[in-house]
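# A structural walkthrough
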Amino acid sequence: MQDVETVGSSAEEVKKPLLTDYANPDYYLNRELSHLQFNIRVLEQAMNEEHPLLERLRFLLIFSSNMDEFFEIRVSGLKQQIEFAREQVGLDGKPPAEVLKEISQLTHEQVVRQYNILNEHLLPAMREQGIHFLRRNELTDAQKSWIRTFFFQEVMPIISPIGLDPAHPFPRLANKILNFIVELDGKDAFGRETGMAIIPAPRSLPRVVRLPRHVCEDDGEHYVFLSSIIHLHAEDLFPGMRVMGCYQFRLTRNSDLSFEDDDVEDLATALQGELLSRRYGDAVRLEVVDNCPRYLSDFLLNQFGLTEDERYEINGPVNLTRMMDVCDSDNHPELQFKPFTPGYPKGLPTKGDKLMEAISKEDVLLMHPFQSFTPVVDMLRQSAKDPQVLAIKQTLYRTGSRSQMADALVEAARHGKEVTVVVEIRARFDEEENLKLARRLQEAGAIVVYGVVGYKTHSKMMLIVRREGRKIVRYAHLGTGNYHQGNARLYTDYSLLTCDPAITSDVHKVFQQLTGMGKALRVKKLFHAPFTLKKGLVDLIGQEAERARNGEKAHIIIKVNSVTEPVVIKALYKASQAGARIDLIVRGICCLQPGIEGLSENITVRSILGRFLEHTRVFYFYNGGEEKVYCASADLMIRNLDRRVETCFPIENSKLVVRIRKELETYLSDNTRSYLLNREGVYERKVPIRNQKERNAQQALLENLSV
């Protein structure tokens, strides 16, 4: 169905056919395949020689980690839809079975590519730099002797080989554990002749072992994989028997938690029970070394109930992520990104109550990691000791039970302040750590709540209530990222420190909704999910569209991690049809399809990948020259806008608005680390055209904001 509408600028009007069948699956990209494409872009960084060598290795390992989670959560979710006949067809119209088939084909190709990059490019390049990963056939007699001693002292005492016979059925193997399937010849002490055994490698064993210098022939670093050590000494685990073959494999299981919030009386207790079973969910992927005989890997597939498409044969270690310690070594700074010192805003005090005084005069905006996270930590630490501070309220999603933020909250509670903490214990893969954090805060006397049943608390808020003379004054921190100091050095995020009465009052009301009960409270300046955030953003997009229809300049810039929400995508399509210019900077998943004539030809989508993980969520609207900027904890996803507690906060200081717009433009000008999404749904890396200056957005921000 097509309509013809007038679209144009003040200079001329052009009649174009507008596509209005917004449900057409051709207008959307598949969520899971878009997610997979992001992981592939991460892998491509391992071949980018502009990155230091060990950082290229890190990208390769991050790809492995990302793919683990992709299978544990996304692939397992698709399989469950099919198994329980609850198939959900997305905006793109592809059923789960078709998506799984495409994922399998694409992933098999990328796994081959990944190990080719490792074996043919990274390992030889590292060898040239004196970093050696030795294969069994490369070991000297002295190294073999040392490894033998290591095996008997460190490995043999804790490893438990399992022979397979009627009294020893196939063991229940944990998620993502290194294992070996062993072919045996001969009879054991009991006369058994089963011919097969399994060796699970305990998690406590290092997967990469550095050899001491005295057994190496040069001054470089020499490493050997645990898989090689076990393979060398497999026969020592089966005395008197002959090992015919020893092959490593790893199983990936469904790791999503499945309890229903509505049926839970005690969320923390229910979650603890689920965590115990996470390691033994349904199998979703088998990784097995490529020289394993087919009949053995078929045997494994049958044991785990997997199909041929779910077998991934690899040429190297099956547990690459355990190589990350090598990337973090202090021995080769020349092979890593240059260290930097995050900037500290000029004129912002670092000690005492002067920090609060500065915030009371003017909002403070920080962009991490280019600017320090220290003011946020100091704001809390000083409040914990300040006798004028009466209460502290904070949300915690990912922070760590022993972080400085947690320490400050504990100290504040022990000093008798009213400390209320909303700990989201359902933060995926941080559940156990958050349970520890909650217990620690409760023991210190803090009030701990777990948010709202059915809604994850993903908002990043801190509220300080302080008595100043006869007045009660509130100070707030609002952020796009978590209260995790480690992440603040790796993720790009915005922090706003403010004393604005309306904003801090809004923050107080959101905390009331989280800890108490009652109708949704009306807030003045914030948008908050699941109540007003989606509608607020759609209205702002609609206002920009209306200006475009009236022949005015209209421009929207949105920077988020994911775009999947159909109502928002439809609003962006309509704004594009109206003639508004729309620039989307989307790190990962994007279901919106740019470049469709009559629908989205005014929309560009780019993904930035570099040294830091892009994590800021920013919404910019030209607004007839009265620019509006909002930052948020939420991405443009159904789960964020409908099933989470999120906050979206305005940046009202005109200098800060201009600053954010310029920083967004820096990203839009990047021509070395950005990928543009084309009409065919393919991301193409942007490169400088002839005589064009190279622009690296993250590097530019590092130079402008750090010390």
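The structure displayed is predicted, hence computed values, not measured ones. (Residues numbered from 1 in each chain as written. Predicted model: local features only at pLDDT ≥ 70, side-chain atom pairs only at ≥ 80, totals over all residues. Heavy atoms only, no water.)

Further remarks concern the sheet that holds strand S7 (residues 208-210). Taken in spatial order, the 3 strands of this open sheet run S3-S8-S7, and their pairing is mixed. With one partner strand each, in any of the chains shown, strand S3 (131-134) and S7 form the two edges of the open sheet. Averaged over all pairs of adjacent strands, the angle between strand axes in this sheet comes to 30°, irrespective of strand direction. The sheet contact formed by S3 and strand S8 (residues 221-225) spans 4 bridges and is parallel. (Pairing = 2+ DSSP bridges. Helix = DSSP H or I, 4+ residues; strand = E, 2+ residues; numbered from the N terminus. Axes fitted to C-alpha atoms, helices over the stretch in contact; angles between N-to-C directions.)

Applying the stated criterion across every chain yields a total of 40 salt bridges. Close ionic contact of Glu357 with Lys354 constitutes a salt bridge, the shortest N to O distance being 3.8 Å. Placement of the pair is Glu357 and Lys354 together in helix H9 (residues 354-361), with a separation of 3 residues, close to one helical turn. Assessed through its relative accessible area of 33%, Glu357 is described here as partly exposed. When salt bridges that share partners are traced, they join Arg294, Asp298, Glu308, Arg311 and Glu313 into one network. (Salt bridge = Lys/Arg side-chain N within 4 Å of Asp/Glu carboxyl O. Buried < 20%, exposed > 50% of the residue type's maximum accessible area, 1.4 Å probe, protein only.)

Take the packing of helix H2 (residues 53-83) against helix H3 (residues 96-128) next. For any two helices packed against each other, one specifies the crossing angle of their axes together with the interaxial distance. H3 packs onto H2 with a crossing angle of 165° between their chain directions and a minimal axis gap of 11 Å. With respect to each other, H2 and H3 are oriented roughly antiparallel. Crossing angle aside, the handedness with which H2 passes H3 is left-handed. Its residues placed into classes, the contact of H2 with H3 shows 21 nonpolar, 5 polar and 2 charged. (Parallel < 35°, antiparallel > 145°, perpendicular 65-115°, else oblique. Left-handed = near helix turned anticlockwise from the far one by under 90°. Nonpolar A, V, L, I, M, F, W, Y, C, P; charged D, E, K, R; others polar.)

Moving on, we get to the confidence of the model for the chain. Any segment with low pLDDT has predicted coordinates that should not be analysed in fine detail. Per-residue confidence for the chain gives a mean pLDDT of 91, with 92% of residues at or over 70. Scored below 50 in pLDDT, residues 1-12 shows 28 contacts in the model against residues more than four places distant or in partner chains. (pLDDT = per-residue confidence, 0-100. Contact = heavy atoms within 4.5 Å.)

We now examine the sheet that holds strand S9 (residues 242-253). Strand order in the open sheet formed by 6 strands is S4-S6-S5-S9-S10-S11, with mixed pairing between adjacent strands. Looking at strand neighbours, the two that pair on one side only are strand S4 (162-163) and strand S11 (311-314), the edges of this open sheet. Where strand S10 (residues 283-289) meets S11, 4 bridges bridge the pair, whose relative direction is parallel. The residue of S11 that forms the bridge with Leu286 is Arg311. Here helix H7 (residues 294-304) sits on the sheet and contacts strand S5 (178-185), strand S6 (196-200), S9, S10 and S11; the angle it forms with S10, its principal contact strand, is near 165°.

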